[in-house]
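# Chain and residue survey
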Amino acid sequence: MNTCSTCGFVVRIAEHSESDKLVTFYSPELGRITGIAKGAQSSKKRFVNKLEPFSHLRLLYRPPRDPAGLYFISEAELLCAHLPLRMDFRRYAAAMHLCELLLRFTRENDPDPRLYALLQWALTALCADKAPQKIMVFFHLRLLAAIGYRPELDQCGLCGQPVSPGHAYALAPGGGSLACNACNPLAARVSPRLSVQTLRLLASAQSTALERLTRLQISRQGVIEAMDALHYYTLHLLQQDIHSWTATRSLLAGAS
Ligand SMILES: [Zn+2]
């Protein structure tokens, strides 16, 4: 079988047997794939410093014979290591969290160039920007939109009135739309609340082009509200917890 080549980002690495590694990779043409790198733990030569989380690589691979099987990774060329993500714990936590979200919300062999572009934007922005919590919030918001679960943040989902000062808002139970305090006073007790200022910023982040997204500024309180609301909605969608959430929230919500 012929050897093929693709570029993409490492989103998960796991040791496999005594000498191999399992690499989960997101590529524009293949989507999320998992491959085995034989001898990656023992023979360092072909893979040294390459098979690391968040690395941008060109892989040489052979596809699996069976669609559910593993790709066979024969070689890797490092395009960008994204080193700043491994040298700063807050950036690392944010990158781990967004990779976990991508893993949970995607299937193998289901490529989506928008998700690839979003991942590329987020990892690059995390390396350069001093506010990892902001990048993480925007990534989460845009990921939900790309997979068809864009939350409705500019109007109350019950009365249809646009978000306006003087009202209080919370995510409606379930989380895909808002409930204003006039429509559902109970929502605010069970769901994360979102201030008008945060809602306006998030609505703007939903429509701003990726290359201009890092210019948007969000307050510390806005980050906390957004992280909690997006997490609440995500739990409802996945019906299971996100492993990296507790550590990520305490690290990033406490930082300015
Ligand atoms: Zn309403």
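Now for a quick tour of the structure. Computed from a prediction, not measured in an experiment: that's the story for all the values here.

Calculation criteria
- For every chain, the first residue of the written sequence is number 1, and numbering continues from 1 along that sequence.
- Selection of residues for local features in this predicted model requires a pLDDT of at least 70, selection of side-chain atom pairs for listing and counting requires 80 or more, and totals for whole chains, interfaces and linings are taken over all residues.
- To get the side-chain values, all heavy atoms of the structure are used, and hydrogens and water are removed first.
- Put simply, DSSP H or I for four residues or longer makes a helix, DSSP E for two residues or longer makes a strand, and each gets a number counted from the N terminus.
- Radius of gyration: C-alpha atoms only; globule rule: 2.2 Å multiplied by the number of residues to the exponent 0.38.
- Note on exposure labels: buried denotes an accessible area under 20% of the residue type's maximum, exposed denotes more than 50%, and partly exposed covers the range between, all computed with a 1.4 Å probe on protein chains only.
- Note on areas: these come from Shrake-Rupley sampling with a 1.4 Å probe, and a residue is covered only by the protein chains present in the view.
- Whether two strands pair comes down to DSSP finding at least two bridges between them.
- In this description, the term disulfide denotes a pair of cysteine sulfurs within 2.5 Å.
- Coordination shells were defined by N, O and S atoms within 2.8 Å of each metal, extended to 3.2 Å for Na, K and Ca; water is absent from the atom set, which can make sites look incomplete.
- A site with four donors is called tetrahedral when every donor-metal-donor angle falls between 85 and 135 degrees; four donors are called square planar, and six octahedral, when opposite donors sit more than 155 degrees apart and all other angles fall between 65 and 115; any other arrangement is irregular.
- Polar contacts, as counted here, are pairs of nitrogen or oxygen atoms within 3.5 Å of one another; within protein the pair requires one atom able to donate a hydrogen and one able to accept it, and residues that are adjacent in sequence qualify only if both atoms are side-chain atoms.
- Any pair of residues with heavy atoms lying within 4.5 Å of one another is described as a contacting pair.
- The directions from the helix axis to the C-beta atoms are what the arc is built from.

### Concerning the overall build of the protein chain
Regarding its fold elements, the protein chain presents eight helices and eight strands. Expected size for 256 residues packed as a compact globule is a radius of gyration near 18 Å; at 20 Å, the protein chain falls within 12% of this value. Reported as C-alpha extents along the three principal axes, the dimensions of the protein chain are approximately 65 × 35 × 30 Å. Within the protein chain, the fraction of its 256 residues that count as buried is 51%. For the protein chain, the exposed area adds up to about 12,200 Å²; of that, 52% sits on carbon and sulfur atoms.

### Observations regarding the pairing of strand β4 (residues 56-62)
Here six bridges tie strand β1 (residues 4-16) to β4, and the two strands are oriented antiparallel to one another. Bridge assignment links cysteine 7 to a residue of β4, and that residue is arginine 58. Sheet topology note: the β4/strand β5 (residues 71-80) ladder contains seven bridges and is antiparallel. Each residue of the ladder has a partner; that of arginine 58, found in β5, is glutamate 77.

### Here's the deal with the state of the cysteines
Per the stated rule, a full pass over the model turns up zero disulfides. You can see cysteine 7 has no disulfide; the closest cysteine sulfur is in cysteine 80, sitting 12 Å from it. Judged by its relative accessible area of 17%, cysteine 7 falls in the buried class.

### Details of the coordination of the zinc ion
Donor atoms from the polypeptide that bind the zinc ion are Cys156 (SG), Cys159 (SG), Cys180 (SG) and Cys183 (SG), placed at 2.2 to 2.4 Å. Coordination at the zinc ion is tetrahedral: its four donor atoms span angles of 104 to 115° at the metal. Sequence positions of the residues that donate to the zinc ion give the spacing C-x2-C-x20-C-x2-C. Taken together, the positions of cysteine 159 in the loop between α4 (132-146) and β6 (169-171) and cysteine 180 in strand β7 (residues 178-180) put the pair 21 residues apart, joining distant regions of the chain.

### Focus on the side chain of aspartate 129
Here aspartate 129 lies in the loop between α3 (113-128) and α4. Of the polar contacts made by the side chain of aspartate 129, one reaches the backbone nitrogen of alanine 131; its length is 2.8 Å. Once residues within four sequence positions are removed from consideration, aspartate 129 is found in contact with Arg91, Lys134, Ile135 and Thr214.

### Considering helix α8 (residues 245-253)
Buried within α8 are the following residues: Trp245, Thr248, Leu252 and Ala253. Buried residues of α8, viewed axially, fall in a sector of 95°; they line one side. Seen from the open side of α8, the exposed residues pointing more than 90 degrees away from its buried face are Thr246 and Ser250. Summarising the contacts, the buried residues of α8 are in contact with α2 (89-105), α4 and α7 (220-238).

### Observations concerning the environment of aspartate 228
When you line up the elements, aspartate 228 lands in helix α7. Assessed through its relative accessible area of 21%, aspartate 228 is described here as partly exposed. Excluding residues that lie within four positions of it along the chain, aspartate 228 makes contacts with Pro192, Trp245 and Arg249.

### Quick notes on the pairing of β1
In terms of strand pairing, β1 meets strand β2 (residues 20-27) through seven bridges, oriented antiparallel. Its bridge partner being in β2, histidine 16 is matched across the sheet by aspartate 20. Hairpin geometry of β1 and β2 is characterised by an intervening segment of three residues between the two adjacent antiparallel strands and by a positive phi of about 55° at serine 17.

Geometric descriptors of this kind do not, in isolation, establish any biological role.
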